[in-house]
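An overview of the molecular structure
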Amino acid sequence: MEVASHPIHNPLHLSYRRSSLCPSSSLRFYECRGLFVGHSPISRAILRNSDNSDNLSASLCIKRKHVGKLWTYHLQQELNWPCFDYELNKRNKLQRHTVVRSELVGNGIPNSSYSLSESKLGSKVRGVCFYVVTAIAAIFLFVLMLVQHPFVLLFDRYQRKAQFFIAKIWALLTVSPFFRIKYEGLENLPPPNAPAVYVSNHQSYLDIYTLLTLGRSFKFISKTGIFLFPIIGWAMFMLGVIPLKRMDSRSQLECLKQCIELVKKGASVLFFPEGTRSKDGKLGTFKKGAFSVAAKTKVPVVPITLVGTGEIMPSGMEGILNFGSVRVVVHKPVEGSDPEVLCKEVRNKIASVLEQQS
């Protein structure tokens, strides 16, 4: 490639001229340092190498055999314009996309600067095994729940202890192969027949599994969409789980009324007062619905702190299952008639254990 050494006196020089290739007087174009804007590549090449072009234009163009190149090295150095090489980009395309993918994966998962293939493979395999085990156990145990359900409705319509006993077996069969649960303060649990309001922090999808292993029959609130799931949703219906339409104030009021009626008839209820799972493991703001139910029905509130479930299966990453253990701390029951005081006292109890753990 030969480039003339004619000096450039004015880098930003723009000249306005009429095209010799276009006889129409209405068609004009700009000549900017040898780049003929407004014409096809062939026309620009002819104009650059024609005798009508001035020395400035000729000094910046390349030979006719190189007219397919849009930029010259001389232009890149003078104007600092990018020099795009299609063949080089095509060869490096796979490696570039691979690097970007690994960086995005590292940013999406906290404290992970490793590649995708080597980091979460074991946890993903454990996650698949977890769901296989829980599905197989649910299928067999669901048959037992279905057989005894008519008798449960006749003799134990509100507490449904027989159904919750099967749910406890299902939870134990699911979690036992994957992580251990350490219990503290089991003596603080009320008697099985005594109604109470259980309140727990919420970190993971594993929280319900863990709480079912306590062996207490309590109703809890779940989204209406989950009831449509085969086996699991049907089992929840037979357990008497309370459906809720999120972002629907009327549905929320109906849930609270239903909880009050169940507690008055001898059943217990479980609340996650944070409303949703914690994204970072920190304790969120408590809503007062659970404490209003306890204050109106005059039953004790049993605070429960769960530690470790969020690390084993983080919120938003339900496809993986990390190694670890879970700690369940059952606090002494709290009684009172003021929902705000109950809320503050229960939250302090749960927060004290989480702060010690961190």
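Residues numbered from 1 in each chain as written. Predicted model: local features only at pLDDT ≥ 70, side-chain atom pairs only at ≥ 80, totals over all residues. Heavy atoms only, no water.

1. What about the pattern of salt bridges?
Just so we agree on the cut-off: Any Lys or Arg side-chain nitrogen found within 4 Å of a carboxyl oxygen on Asp or Glu counts as a salt bridge. Here a helix means four or more residues in a row that DSSP labels H or I, a strand means two or more in a row labelled E, and each is numbered from the N terminus. Exposure categories follow from relative accessible area, calculated using a 1.4 Å probe and restricted to protein chains: below 20% of the type maximum is buried, above 50% is exposed, and the middle band is partly exposed.
Overall, the coordinates contain three salt bridges when judged by the stated rule. Residues Glu184 and Arg327 are paired through a salt bridge, measuring 2.8 Å at the closest nitrogen-oxygen approach. Remark: Arg327 occurs in strand E10 (residues 325-330) and Glu184 occurs in strand E4 (residues 180-184); sequence separation between them is 143 residues. Glu184 sits in the partly exposed class, given a relative accessible area of 33%. Judged by relative accessible area, Arg327 falls into the partly exposed class, the value being 22%. Notably, a salt bridge pairs Lys288 with Glu340, separated by 3.9 Å at the nearest N-O pair. Taken together, the residues Lys288 in the loop between strand E8 (268-271) and helix H11 (289-297) and Glu340 in helix H13 (residues 339-357) connect sequence positions 52 residues apart. Residue classification places Lys288 among the partly exposed positions, given a relative accessible area of 41%.

2. Some details on the UniProt feature "transmembrane region" (unreviewed entry) in the chain
As a reminder, the rule being used: UniProt positions are given in the numbering used here, feature names are shortened, and annotations may be inferred rather than shown by experiment.
When the UniProt feature table is mapped to this numbering, "transmembrane region" (unreviewed entry) covers residues 130-155, 162-181 and 220-242. The span residues 162-181 is 70% helical and 10% strand by assignment, and the distance between its end C-alpha atoms comes to 23 Å.

3. Quick word on the confidence of the model for the chain
Stated formally: What pLDDT conveys is the predictor's confidence in a given residue, as a value from 0 to 100. The contact definition used throughout considers only heavy atoms, calling two residues in contact when any of these lie within 4.5 Å.
Summary statistics for the chain give a mean pLDDT of 77 and a share of 66% for residues scoring 70 or more. Below a pLDDT of 50 lies the segment residues 1-33, which in the model reaches 57 contacts outside its immediate sequence neighbourhood of four places, other chains included. Predicted confidence is poor over residues 94-118, with pLDDT under 50, and the contacts of this stretch with residues over four places away or in other chains come to nine contacts.

4. Re the pairing of E10
Rules: Pairing between two strands is assigned when DSSP locates at least 2 bridges connecting them.
In the sheet, E4 pairs with E10 via five bridges, with the strands oriented parallel. Residue pairing for E10: Ile181 is matched across the bridge by Val326. Strand direction decides the pairing type here: strand E9 (residues 301-307) and E10, joined by four bridges, are antiparallel. By the bridge assignment for E10, Ile304 is matched with Val330.

5. Section: the packing of aromatic side chains
To keep it simple, the criterion reads: Pairing of aromatic rings covers Phe, Tyr and Trp, the last through its six-membered ring, and needs centres within 6.5 Å; plane angles under 30 degrees mean stacked, over 60 mean edge-to-face, and all others mean tilted.
The full count for this structure, using the stated rule, is ten aromatic pairs. An angle of 35° between the planes, with centres 6.4 Å apart, marks the rings of Tyr131 and Tyr205 as tilted. A residue pair is termed long-range when its members are at least 10 positions apart, and Tyr131 in helix H6 (residues 121-155) and Tyr205 in the loop between strand E5 (197-200) and helix H8 (207-212) qualify at 74 residues. Residue Tyr131 is classed as partly exposed on the basis of its relative accessible area, which comes to 29%. Judged by its relative accessible area of 36%, Tyr205 is partly exposed. Seen in terms of ring centroids, Tyr198 and Phe218 are 5.7 Å apart; in terms of plane orientation they differ by 50°. Their pairing is tilted. With Tyr198 in strand E5 and Phe218 in strand E6 (residues 218-223), the pair connects residues that are 20 residues apart, well separated along the chain. Phe218 gets classed as buried once you look at its relative accessible area, which sits at 2%. Here the aromatic cluster, defined as three or more aromatic residues joined through ring pairs, consists of Phe130, Tyr131, Trp170, Phe178, Tyr205 and Tyr209.

6. Looking at H11
Looking only at H11, the buried set comprises Ala290, Phe291, Val293, Ala294, Ala295 and Thr297. Backbone geometry just downstream of H11 places Lys298 in the positive-phi region, at approximately 60°.

7. A closer look at the side chain of Ser200
Note the following rule: A 3.5 Å cut-off defines polar contacts: any pair of N or O atoms within that distance qualifies, except that in protein one atom must be a possible hydrogen donor and the other a possible acceptor, and neighbouring residues in sequence count only when both atoms are side-chain atoms.
By secondary structure assignment, the location of Ser200 is in strand E5. With a relative accessible area of 0%, Ser200 lands in the buried category. Only 3.4 Å separates the side chain of Ser200 from the backbone oxygen of Ile304, close enough to count as a polar contact. Those residues within four positions of Ser200 in sequence are excluded, and the remaining contacts are Leu211, Phe271, Phe272, Pro273, Ile304, Leu306 and Ile350.

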